[in-house]
Amino acid sequence: MSARSVDRQLEASPAERAALAEVLDLQAIDRLVAKLTLRRLSSGLIEVKGALESEVVQTCGVTLEPVPAKVAETFRLTFGDAQPEPDLSEIDIDFEDSDPPEPILDGKIDLGALVAEQLSLGLDPYPRKEGAALPQEFAPNEAEIAAENELAGKRKPFLGLDKLRK
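Residues numbered from 1 in each chain as written. Predicted model: local features only at pLDDT ≥ 70, side-chain atom pairs only at ≥ 80, totals over all residues. Heavy atoms only, no water.

*Asks:* Explain the side chain of Thr78 residue by residue, including any values.
*Replies:* Structurally, Thr78 can be placed in strand β4 (residues 66-81). Overall, Thr78 belongs to the buried group, its relative accessible area being 14%. In this structure Thr78 touches Leu41, Leu45, Ile46, Glu47, Pro101 and Glu102, once residues within four positions along its chain are discounted. (Helix = DSSP H or I, 4+ residues; strand = E, 2+ residues; numbered from the N terminus. Buried < 20%, exposed > 50% of the residue type's maximum accessible area, 1.4 Å probe, protein only. Contact = heavy atoms within 4.5 Å.)

*Asks:* Outline the pattern of salt bridges, listing residues and values.
*Replies:* According to the stated counting rule, one finds four salt bridges in the structure shown. Here Glu53 makes a salt bridge to Arg31, at a shortest N to O gap of 3.2 Å. A residue pair is termed long-range when its members are at least 10 positions apart, and Glu53 in strand β3 (residues 46-59) and Arg31 in strand β2 (residues 28-40) qualify at 22 residues. You can call Glu53 partly exposed: its relative accessible area is 44%. Sharing partners across several salt bridges, the network here consists of Arg39, Glu47 and Arg76. (Salt bridge = Lys/Arg side-chain N within 4 Å of Asp/Glu carboxyl O.)

*Asks:* Tell me about the nonpolar core, and name the residues and values.
*Replies:* Counting 25 residues, the largest nonpolar core has Ile29, Leu32, Leu52 and Leu119 as the members making the most contacts within it. Broken down by secondary-structure element, the contributors of at least two residues to this core are α1 (14-23), β2, β3, β4 and α2 (111-122). Excluding residues that lie within four positions of it along the chain, Leu52 makes contacts with Leu32, Val33, Ala34, Val71, Ala72, Glu73, Phe75, Val115, Gln118 and Leu119. (Core = buried A, V, L, I, M, F, W, Y, C linked by side-chain atoms within 4.5 Å.)

*Asks:* Account for the pairing of β4, naming residues and giving values.
*Replies:* Judged from the 14 bridges that link them, β3 and β4 form a sheet pairing that is antiparallel. Along β4, the bridge assignment pairs Ile46 with Phe79. Linkage of β3 to β4, two consecutive antiparallel strands, is achieved through a turn of six residues, within which Leu64 is found at a positive phi near 65°. Direction of pairing for β4 relative to strand β5 (residues 102-104): parallel, over a ladder of three bridges. (Pairing = 2+ DSSP bridges.)

*Asks:* Break down α1 for me, with residues and values.
*Replies:* The complete set of buried residues in α1 reads Arg17, Leu20 and Ala21. Down the axis of α1, the buried set is contained in an arc of 105°. They therefore lie on one face. Across α1 from its buried face, at more than 90 degrees, point the exposed residues Ala15, Glu22 and Val23. Its buried side turned inward, α1 meets β2 and α2. Just beyond α1, the residue with positive phi is Asp25, at close to 60°. (Arc of directions from axis to C-beta.)

Geometric descriptors of this kind do not, in isolation, establish any biological role.
Here's what the structure looks like:
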């Protein structure tokens, strides 16, 4: 790959969308399109910037009815040669650092799998049909909530830990 960027547009076929819908536990994926730009960075890493748009049908977590949804995600990932696994006993985590590069396997970057992963990250984890509510017999009542709050105030989960230090 040269220093200039390469643009790719992916559009999932009906068979690919059906297979992905099954993997992601969706009722359907009606549309999945992604625009990607790949470029080699001066560090030798490969940067993939992308945007995806999808129309999916999820299942309502309350009524189990279909819930149509649109997913639009942008993302940026870097890829590099696979690195050996770090010694986890000496690893420092800095949440301000950028993520390490994804490994390039067999000299290839699977753009379809990358788009599928980004779609899965963009899905609503708790889809709910508009106006759907828990049936009254499953909804917590005020007495249960008050009892739980009172019990939470009495719990002392760290009681006795100070004795372990001595």
